Each structure stands twice: as structure tokens, then as C-alpha cells.
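Results of the structural survey
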Amino acid sequence: MKNGMIECSVCHSKLVSPSPKSISRAYDRHRSKVSSKQRALNVLLVGGDCVLVGLQPILVFMSKVDGRFKFSPISVNFLTEVAKVIFAIVMLIIQARRQKVGEKPLLSISTFIQAARNNVLLAVPALLYAINNYLKFIMQLYFNPATVKMLSNLKVLVIAVLLKVIMRRRFSVIQWEALALLLIGITINQLKSFPEGSSALGLPVTTGAYVYTLIFVTVPSLASVFNEYALKSQYETSIYLQNLFLYGYGAIFNFLGILGSAIFKGPGSFDILEGHSKATMLLICNNAAQGILSSFFFKYADTILKKYSSTVATIFTGIASAVMFGHTLTINFMLGISVVFISMHQFFSPLAKVKDDQQNGVLERMNVQDSHRSRDSSFINMAAGANEEASHRVGPDERQPLLPT
């Protein structure tokens, strides 16, 4: 792109580069005309994410020994990234074998180098995810688990604001109200986790607590939005190739964390397989599957749908916990889930885009009127020409034949 112009790679014609606002409007129109295949993909993504996210707290509970972890959390994150890298390589090889003749090879060095340059922005969400995984344990030093859950609810509104600022995403008033309902529904659902006599507002008034709270809410939200932006900005690149870069960066950052832990705690902490069991291996596979599925959310759907999907997964977790561990389903659980479903229906309802549709309808009617006017004017010109021809007086010279006789 030079001087605000982009050149077509086929016909080499130059066009004006679209602004972020026009891209946002195009995305809104695309969302309003979702195909049946896209709807089916969204259903599969939400269903799979609900199962995986719902299983995670159960696997974490099963990984504890005497109420604590015998493994290093950083090692779990590193092994998760390694598993995702292996999956991306396998899928990339399968996709390359299915390529047709004449297509640009995926496994060539030139393709890999060019894709690495174009997708260097994926290092940003990879670093943010690595920081977030570490912050999950730091927050336990300042807040109790129930308060941590309550604070994590703020990510919904932070993600919406970041989408509006970074990706120029537009939300109607109804959609903002739906996001507020989602925040309320999650809060109602998690009120059951507070111990008696405690309060969500009983936060320790220390500078470190407020700093970690701000980082805990902002970092994962930035990671999700930047991940969606990076994946969609290079939409023509294979998602498996993009995942290879994203997970590769993540593995590097987590490995640096392991090295740092070994420097401060001694060489004994460098053993990444220490304290792991079958439950932790299942947890690693589950986390890897969640990360892979999230990339499809960010590239082919959006971050808001991912957040709603993770919230709906609470149903699966509650039911599975009741069946496997005998936990009871409280009235707060039922009320919170009901509010979440109302919020989800309201956010994705066509009524939330009525204003945009009306504007598009006005524009379409204006275009139709302009076309009718142009047709009428052309018809009037034709009629005037015919009338002029009919009233034209033929002179003596015009009666002569065009060809000699």
C-alpha cells in the first residue's frame, strides 16, 4: 500500500485503501447476512467450547493432591503450548497435502517467511496470554477466589470497549444493555461461592491490589482483542500457519518463565514433568483444545461470542459437578443462567440492529429512486428525441438518395 492506495495482485489496478470505519461497517453487514454454514460453525464452536471450558475446573479439582498442586503452573502452560504447536504442524501438513495444483505451497520456505513477517503481531497476544496465566495465581495472594471471579466479570465490558476502540466495532444501545445483563447474570451466578459473612467489596486497600486488579482485567481482554485483530487482518493466511506462530511465541515466552523460575528457585524447578499425573495430562490436553478452538472463534466469529460461550459453559460445569461430586444447584445458579440466556438472545437478536437496517433500507430506497429517476430522464430524452424527429421538416436536399442512382 502506497500513498493510501492498494494494488490488486491480479489485474494490478489501484484502489483507495478502505478506512477502519468502512471495514467495521462491512463487518456489520456481513454479520447481518450470516450463511447457514456460518451458523452451523458457530453452533459447533459454542458447543465444543462449553464442554471444554466446563471440564476445566473439574480437571483442576482432580489435579489437586491434599488441596494443593504438586506441579509447577508454568510447566502446565508450557506443555499446553507445545501440544498446540504439534497439533498446528500436523494440521498444516494435512492441509498442504490437500492443496490443488497451481496453489501456493504452504510448506515452502518463502511462504513461511512471508507469513511470519505478516503475522508478527501475533507475538503481542502470545505475550499477554503468558502474563495472564501467571496473574491467575498472583491474584490469589490479594483476593479470595470468590472475589477473583467477581473481578473477572469486568472483562466483558472491557472487551466491548477495546473492540470499539481498536477494531472500530459498533454496538447498538440494545447490545450494550445485553452486555450489562451478562455482567449481572454472571455476578448472580457466582454469588453462591461467597462464604458466610464475607463481602465482595471487602477488598484490601493496598496499591498492589489495585494494580494487579487493573492488570488482571485489562491483560486478558487485550489479548483476546489483539488476537482477533491479528488473525482477521491476515485472513488469507492459513489458520494453522497462524496458530503455529501464535503457539510458538507462547511456548517461547513460557519457556523463558521456566528459566526465570529456575534462576530464582534453583535448578530443581527446571523439571517440567515433576508432580504431573494422569489428571494433569488431561488438563493439558483440555487447555490445548480450548486454545485451538479459541483461534477459530477469533478468526471466524468474534470475541463477544467466545465470552458468551464461556459463560454458558457454567451450566455444564454446574450439572457435571452435581453429578460427579454431589454439589447442589442453588437458586442463584438458576437465576444467573436465565439472565445470561436473556442477554445472549438480546445481543444477537435482529432487533439489536434495527437502526442499521433502517439506515440501509433508506439508502437502498434512495438508490432505487435514483435509478427510477435516471430511467425516467432517459425515457423523457427518448420521447423528446422522437418528438423532435417527428416534427422535423425535411428539406429538398435531404430528399436526395444517399447513393447515386
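Residues numbered from 1 in each chain as written. Predicted model: local features only at pLDDT ≥ 70, side-chain atom pairs only at ≥ 80, totals over all residues. Heavy atoms only, no water.

Looking at an unreviewed UniProt entry, the protein chain carries the name CMP-sialic acid transporter 5, with the source organism given as Sesamum alatum. In UniProt, the protein chain has this text filed under Sequence similarities (unreviewed entry): "Belongs to the nucleotide-sugar transporter family. CMP-Sialate:CMP antiporter (TC 2.A.7.12) subfamily." Word for word, the UniProt comment on the protein chain under Subcellular location (unreviewed entry) is "Membrane". (UniProt positions renumbered as here; feature names shortened; annotations may be inferred.)

**A word on the overall build of the protein chain**
Within the protein chain, the regular secondary structure consists of 14 helices and 2 strands. Long-range pairs, those at least 24 residues apart, make up 82% of the contacts in the protein chain with a sequence separation of at least 6. Put simply, the protein chain shows about 24,400 Å² of open surface, and 65% of that area lies on carbon and sulfur atoms. (Helix = DSSP H or I, 4+ residues; strand = E, 2+ residues; numbered from the N terminus. Contact = heavy atoms within 4.5 Å. Areas by Shrake-Rupley, 256 points an atom, 1.4 Å probe, with all protein chains shown as cover.)

**Things to note about the environment of Phe-253**
Turning to its location among the elements, Phe-253 is positioned in helix α10 (residues 239–265). Look at Phe-253 and you get partly exposed, because its relative accessible area is 24%. C-alpha separation for the pair Phe-253 and Leu-127, spaced 126 residues apart in sequence, amounts to 6.5 Å. (Buried < 20%, exposed > 50% of the residue type's maximum accessible area, 1.4 Å probe, protein only.)

**Description of the pattern of salt bridges**
Taken as a whole and judged by the stated rule, the model has 4 salt bridges. We note a salt bridge from Asp-49 to Lys-306, for which the minimum N-O separation is 3.4 Å. Of this pair, Asp-49 sits in helix α2 (residues 36–63) while Lys-306 sits in helix α12 (residues 303–325), placing them 257 residues apart in sequence. Overall, the relative accessible area of 13% leaves Lys-306 in the buried class. In the salt-bridge network here, residues are joined through shared partners; they are Arg-169, Glu-228 and Lys-232. (Salt bridge = Lys/Arg side-chain N within 4 Å of Asp/Glu carboxyl O.)

**A closer look at the packing of α10 against helix α11 (residues 278–300)**
To describe two helices that pack against each other, one gives the angle between their axes and the distance between the axes. Packing of α10 against α11 leaves a shortest axis separation of 11 Å and a crossing angle of 120 degrees. By the angle between their axes, α10 is oblique relative to α11. In this structure, the crossing between α10 and α11 has a hand that is right-handed. In this structure, α10 uses Ile-239, Tyr-240, Gln-242, Asn-243 and Tyr-247 to contact α11, whose residues at the interface are Gly-291, Ile-292, Ser-295, Phe-296, Lys-299 and Tyr-300. In terms of residue class, the contact of α10 with α11 is built from 6 nonpolar, 4 polar and 1 charged. (Axes fitted to C-alpha atoms, helices over the stretch in contact; angles between N-to-C directions. Parallel < 35°, antiparallel > 145°, perpendicular 65-115°, else oblique. Left-handed = near helix turned anticlockwise from the far one by under 90°. Nonpolar A, V, L, I, M, F, W, Y, C, P; charged D, E, K, R; others polar.)

**Regarding the packing of helix α7 (residues 155–166) against α12**
Running from N to C, α7 and α12 cross one another at 170 degrees; their axes reach a closest spacing of 10 Å. As summarised for this structure, α7 and α12 are arranged roughly antiparallel, according to the angle between their axes. Facing α7, whose interface residues are Lys-155, Val-156, Ile-159 and Leu-163, α12 presents Thr-303, Ile-304 and Lys-307. By residue class, the composition of the contact of α7 with α12 is 4 nonpolar, 1 polar and 2 charged.

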